[in-house]
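Survey of secondary and tertiary structure
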Amino acid sequence: MKFLYTIRWKFILAVILSLAITSGLLIIGNQLATYLFKVEPFTAPIAWVINHIGSRPLIYVTGILLFILFYFILSQQIIRNLEQISFGLRQIAKGDFNYKLSIKSVDELGNVAHNINQMAAQLKQSIEEERYAEKTKNDLITGVSHDLRTPLTSILGFLELIDEDRYKDEVELRYYANIAHEKTKSLKSLIDDLFEYTRVNNGYRFERNKLEVNDFLYQLIEEFVPSLDKSGMDYRIQSDNKATFILADANQLVRAFENLIANAITYGKEGKYVDIHISQVQDEVIIKVINYGEPIPMQEIPYIFERFYRVEQSRSKETGGTGLGLAITKSIIELHEGHISVQSTRNQTIFETRLPLLKNS
Ligand SMILES: Nc1ncnc2c1ncn2[C@@H]1O[C@H](COP(=O)(O)OP(=O)(O)OP(=O)(O)O)[C@@H](O)[C@H]1O
Ligand SMILES: [Mg+2]
């Protein structure tokens, strides 16, 4: 029965129906003429027509005209659908991706219309994504230029002072040189971070290997012992030490967790401890990096993973970061098909990372 819903069949149906209606009308017309022939005042005009045109030619011509008329009427809907499709395509070509074809017919045209609607929706989505990417890129460039210019201006200023011998004595000279040096270092760290961020986000090829999470984190935290000492802090790891394997690019994952641990030390000094909790839930490993410093204000939480975002600019400025650390971490975790989130209360700030466990390990 499927063939009944094709255009080809609909056209055949239109021909058959037109023929049937035309024949029907011709038969009725013929009988009517026969009947009217006997009734005055129709006898004379009918006789005239029969004598001058002939009943056969009359029937043929009327038949053809009627057939064409009914064929046009019956195929009208199909033609109208075609016109609607071509109008819709023109609208979409002009860029109106919200245009929707409302063809409900169950045949190829209905299908075409459905596909066109889908195509328009897809195009709309792609264009929106592209626009978003473009905007993100522009934002990044704006942010970067701003962040590069600020230290550069001050380096330039101090170097100018030195160059023009505008300093009292050697002590002041050293002071200026020192500031320029510090600013250059922060500039370098910004450029390094930026490089890292764009690399991770622009198709950096990951080399993923089997990695044991406990070993990985025990090793990593050891590297932080000097800076923990310097901040008067200590670390604690809580884990059931069950072998926990994931598929990861170890170098990248080191970066991700270095950023989290470095943050926990920088922003959690008062808390004395950096805690790391490792656990498995179903097919995921959950790694929590916890510190007990000042909480991240509720309203800032949604932005914390954005590039260049730093909480309370003034407080954070003292610590001299660039605000790229968490953006890099998030990108890396997501490239590992993982997920990172943060909870911050008065007592503790928890960065929770979930990574898929390696199957059959
Ligand atoms: N553990 C934490 N406790 C409290 N605040 C935090 C913590 N981690 C991050 N933050 C806040 O989030 C902001 C963004 O962190 P992020 O690591 O992205 O940048 P950063 O540390 O400022 O600079 P860097 O790029 O050098 O890491 C920080 O400025 C800080 O205010
Ligand atoms: Mg940081």
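Right above here is the structure, for reference.
Residues numbered from 1 in each chain as written. Chains lettered and ligands numbered in written order. Predicted model: local features only at pLDDT ≥ 70, side-chain atom pairs only at ≥ 80, totals over all residues. Heavy atoms only, no water.

Digging into the packing of helix H5 (residues 170-201) against helix H10 (residues 325-335)
Relative orientation of the contacting elements H5 and H10 amounts to 25°, with a least axis distance of 10 Å. It follows that H5 is roughly parallel to H10 by the angle criterion. Remark: the crossing between H5 and H10 carries left-handed chirality. Here Asp-193, Glu-196, Tyr-197, Val-200 and Asn-201 of H5 lie close against H10, whose contacting residues are Ala-327, Ile-328, Ser-331, Ile-332 and Leu-335. Looking at the contact of H5 with H10, its residues break down into 6 nonpolar, 2 polar and 2 charged. (Axes fitted to C-alpha atoms, helices over the stretch in contact; angles between N-to-C directions. Helix = DSSP H or I, 4+ residues; strand = E, 2+ residues; numbered from the N terminus. Parallel < 35°, antiparallel > 145°, perpendicular 65-115°, else oblique. Left-handed = near helix turned anticlockwise from the far one by under 90°. Contact = heavy atoms within 4.5 Å. Nonpolar A, V, L, I, M, F, W, Y, C, P; charged D, E, K, R; others polar.)

Focus: unusual backbone geometry
With omega at 5°, the peptide bond leading from Glu-40 into Pro-41 counts as cis. Positionally, Pro-41 belongs in the loop between helix H1 (7-37) and helix H2 (43-52). Look at Asn-241: it is not a glycine, yet its phi comes out positive at around 55°. Structurally, the position occupied by Asn-241 is in the loop between strand E2 (234-239) and strand E3 (245-248).

Quick word on H5
The end-to-end C-alpha separation of H5 is 46 Å, in line with the 46 Å expected for 32 residues at 1.5 Å each. Of all the residues in H5, the buried ones are Glu-172, Tyr-176, Ile-179, Ala-180, Leu-187, Leu-190, Leu-194, Glu-196, Tyr-197 and Val-200. Where the residues of H5 are buried, they touch helix H4 (108-163), helix H8 (250-267) and H10. Positive phi appears at Gly-203, one or two residues downstream of H5, with a value of about 65°. (Expected span 1.5 Å × (residues − 1). Buried < 20%, exposed > 50% of the residue type's maximum accessible area, 1.4 Å probe, protein only.)

Quick notes on the site of ligand 1
Close to ligand 1 lie 19 residues; Asn-263, Tyr-267, Asn-291, Arg-310 and Leu-326 are nearest. At 2.9 Å from an oxygen atom of ligand 1 is found a main-chain nitrogen or oxygen belonging to Leu-324. Between ligand 1 and Leu-326, the relevant distance is 2.8 Å, taken from an oxygen atom to a main-chain nitrogen or oxygen of the residue. Listing elements by their share of the shell around ligand 1, those giving two or more residues are H8, H10 and strand E7 (349-356). The biggest single contributor to the shell around ligand 1 is H8, with 3 residues. Looking at side-chain class alone, the shell around ligand 1 contains 9 nonpolar, 8 polar and 2 charged residues. (Near = heavy atom within 4 Å. Polar contact = N/O pair within 3.5 Å; in protein donor to acceptor, adjacent residues only side chain to side chain.)

Quick look at the packing of aromatic side chains
The final tally for this structure, using the stated rule, is 7 aromatic pairs. Ring centres of Phe-87 and Tyr-99 lie 5.8 Å apart, and the angle between their planes is 70°; this geometry places the pair in the edge-to-face category. Taken together, the positions of Phe-87 in helix H3 (residues 55-93) and Tyr-99 in the loop between H3 and H4 put the pair 12 residues apart, joining distant regions of the chain. Owing to a relative accessible area of 36%, Phe-87 belongs among the partly exposed residues under this scheme. Judged by centre distance (6.1 Å) and plane angle (85°), the rings of Phe-305 and Phe-351 are edge-to-face. Residue Phe-305 is located in the loop between strand E5 (284-291) and helix H9 (313-319), and its partner Phe-351 is located in strand E7; the two are separated by 46 residues in the primary sequence. Like Phe-351, Phe-305 is buried. (Phe/Tyr/Trp six-rings, centres within 6.5 Å; stacked < 30°, edge-to-face > 60°.)

A look at the sheet that holds E5
Ordered in space as E2-E4-E5-E7-E6, the 5 strands form an open sheet in which the pairing is mixed. Only two strands of the sheet have a single partner each, and these edge strands are E2 and strand E6 (339-344). Direction aside, the axes of adjacent strands within the sheet are offset by 15° on average. Note: strand E4 (residues 273-281) against E5, 8 bridges, orientation antiparallel. Paired with Ser-279 across the bridge in E5 is Ile-286. The strands touched by H8 within the sheet are E4, E5, E6 and E7, with E5 carrying the most contacts at an inclination of about 30°. (Pairing = 2+ DSSP bridges.)

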